[in-house]
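# Examination of the molecular architecture
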Amino acid sequence: MKDNRFFFFKWLFAAFGAAIGYLKPTIPFALICLAAVALDCYSAFQLSKRVRKKSPDANDGKFKSKYANRVFNTIIKVYALIVLAYFVDRIIIPTENGLYLPNIVAGMFCFVQVWSFLENESSENNANWARVLQRIMVNKAERHFNLPLNDVFKTGDEKQTK
């Protein structure tokens, strides 16, 4: 009985080590994407605190577990996509130098996260650079107020014409 258990764990750890060894090249991409997600989460938390200062009834300015679940799911999905791109690059379309698909996937994901970071930082911010960014980016503060900010800033005459 002891020998069977030892044999099972021996093969289990061998398979686990082989999987880690094969996926090792994807780890730097995953860590960079993880850092981008962490930066975006921090900027979203800062935005929540700014919204809380301007309108205490809009939100509580705290990080909620439902957001943590979304972040965790995002990290899992991006790592799965990086691994899939790695398999496609190595197994399905093997070329001499590779297509660098994991690099492309991680780069696109990081671009989206940096864009989101800039949206968070420019929302509810009165700095000149923030006003310039708000011309081309979404104001994420609308999510905290649960209504379009354009409706808040309209005058009585504009509301009646619609």
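Attention here is on the structure that accompanies the text. (Residues numbered from 1 in each chain as written. Predicted model: local features only at pLDDT ≥ 70, side-chain atom pairs only at ≥ 80, totals over all residues. Heavy atoms only, no water.)

### A few points about the overall build of the protein
- Looking only at helices and strands, the protein has eight helices and zero strands in total.
- Across the protein, helices and strands are ordered from the amino to the carboxyl terminus as α-α-α-α-α-α-α-α.
- Residues counted as buried form 27% of the 162 residues belonging to the protein.
- Contacts spanning at least 24 positions in sequence make up 56% of the contacts within the protein whose residues lie at least 6 apart.
- Surface summary for the protein: the accessible area is close to 11800 Å², and the carbon and sulfur share equals 66%. (Helix = DSSP H or I, 4+ residues; strand = E, 2+ residues; numbered from the N terminus. Buried < 20%, exposed > 50% of the residue type's maximum accessible area, 1.4 Å probe, protein only. Contact = heavy atoms within 4.5 Å. Areas by Shrake-Rupley, 256 points an atom, 1.4 Å probe, with all protein chains shown as cover.)

### Remarks on the side chain of Ser116
- Structurally, the position occupied by Ser116 is in helix 4 (residues 101-122).
- For Ser116, a relative accessible area of 10% puts it in the buried group.
- Side chain to side chain, Ser116 and Asp40 meet in a polar contact 2.8 Å long.
- Beyond its immediate chain neighbours, meaning those up to four positions away, Ser116 contacts Asp40 and Lys140. (Polar contact = N/O pair within 3.5 Å; in protein donor to acceptor, adjacent residues only side chain to side chain.)

### Quick word on the packing of helix 2 (residues 27-54) against helix 3 (residues 65-92)
- Packing of helix 2 against helix 3 brings their axes to within 10 Å, and their N-to-C directions diverge by 155°. As far as their axial angle goes, helix 3 and helix 2 are roughly antiparallel. Relative to helix 3, helix 2 is oriented so that their crossing is right-handed. For the pair helix 2 and helix 3, the contacting residues are Phe29, Ala30, Cys33, Leu34, Val37 and Cys41 in the first and Val71, Ile75, Val78, Tyr79 and Ile82 in the second.
- A breakdown of the residues in the contact of helix 2 with helix 3 according to their chemical character gives 11 nonpolar, no polar and no charged. (Axes fitted to C-alpha atoms, helices over the stretch in contact; angles between N-to-C directions. Parallel < 35°, antiparallel > 145°, perpendicular 65-115°, else oblique. Left-handed = near helix turned anticlockwise from the far one by under 90°. Nonpolar A, V, L, I, M, F, W, Y, C, P; charged D, E, K, R; others polar.)

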